[in-house]
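Observations on the model geometry
As a plain string of letters, each chain reads:
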Amino acid sequence: MSPRRNEPRAGRSDRRPEPRDVEKAFGHQRIESAPDGDWIVRSVAGAGSGKTYRCPGCAQEIRPGVPHVVAWPADTEQAAWSGGSGLEDRRHWHTPCWNARSRRR
Ligand SMILES: [Zn+2]
């Protein structure tokens with residue numbers, strides 16, 4: 001009978017990344033200034049989650065596999081990493097809809 005040993009890696013996961021680490025982790029994102037504040041905009045290739053999103057620009061669905069952008073207020077990023085629920089504020093947009101939004105003003 002051999003006793004099971006616990007994995008030694010427990011207890012290390014509560015270290016939160018610094019904002020600079022986050023910047024590195026999300027390589028394809030940029031910050032855009034808009035009349036309603038700074039937005040972090042990230043291009044999504046389309047593969048991945050398999051979820052269908054609703055574009056706030058045209059109220060149409062963004063189907064899985066369609067390249068689009070994810071945008072959220074820049075100050076939300078900090079809130080998210082400090083334990084808030086800021087990631088809920090992320091919005092998925094069709095790329096043309098997002099571009100039209102920035103040009104509208
Ligand atoms: Zn749209």
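Everything here concerns the structure above.
The following refers to the structure shown. Since the structure is predicted, the reported quantities are computational estimates derived from the model, not experimental observations. (Residues numbered from 1 in each chain as written. Predicted model: local features only at pLDDT ≥ 70, side-chain atom pairs only at ≥ 80, totals over all residues.)

**Here we look at the environment of T95**
Within the secondary structure layout, T95 lies in helix α3 (residues 95-104). Separated by 40 residues in the primary sequence, T95 and C55 place their C-alpha atoms 9.7 Å from one another. Non-local contacts of T95, meaning those with residues more than four positions away in its chain, are made with P67, H68 and V69. (Helix = DSSP H or I, 4+ residues; strand = E, 2+ residues; numbered from the N terminus. Contact = placed C-beta atoms within 7 Å.)

**Some points on the pairing of strand β1 (residues 29-34)**
Side-chain direction in a regular strand flips from residue to residue, so the side chains alternate between the two faces of the sheet. Within β1, only zero of the six residues are buried, leaving the element largely exposed. By the bridge criterion, six bridges tie β1 to strand β2 (residues 37-44) in an arrangement that is antiparallel. Bridge assignment links A34 to a residue of β2, and that residue is G37. Count of turn residues in the β1/β2 antiparallel hairpin: two residues. (Buried ≥ 20, exposed ≤ 12 C-beta atoms within 10 Å, placed from the backbone. Pairing = 2+ DSSP bridges.)

**A closer look at the nonpolar core**
Among the nonpolar cores identified, the biggest contains 11 residues, and these are W39, I40, V41, Y53, C55, I62, V69, A71, W72, W93 and W98. For this core, the secondary structure elements donating two or more residues are β2 and β5 (68-73). Those residues in contact with C55, other than ones at most four positions away along the chain, are Q60, I62, H92, W93, H94 and C97. (Core = buried A, V, L, I, M, F, W, Y, C linked by C-beta atoms within 7 Å.)

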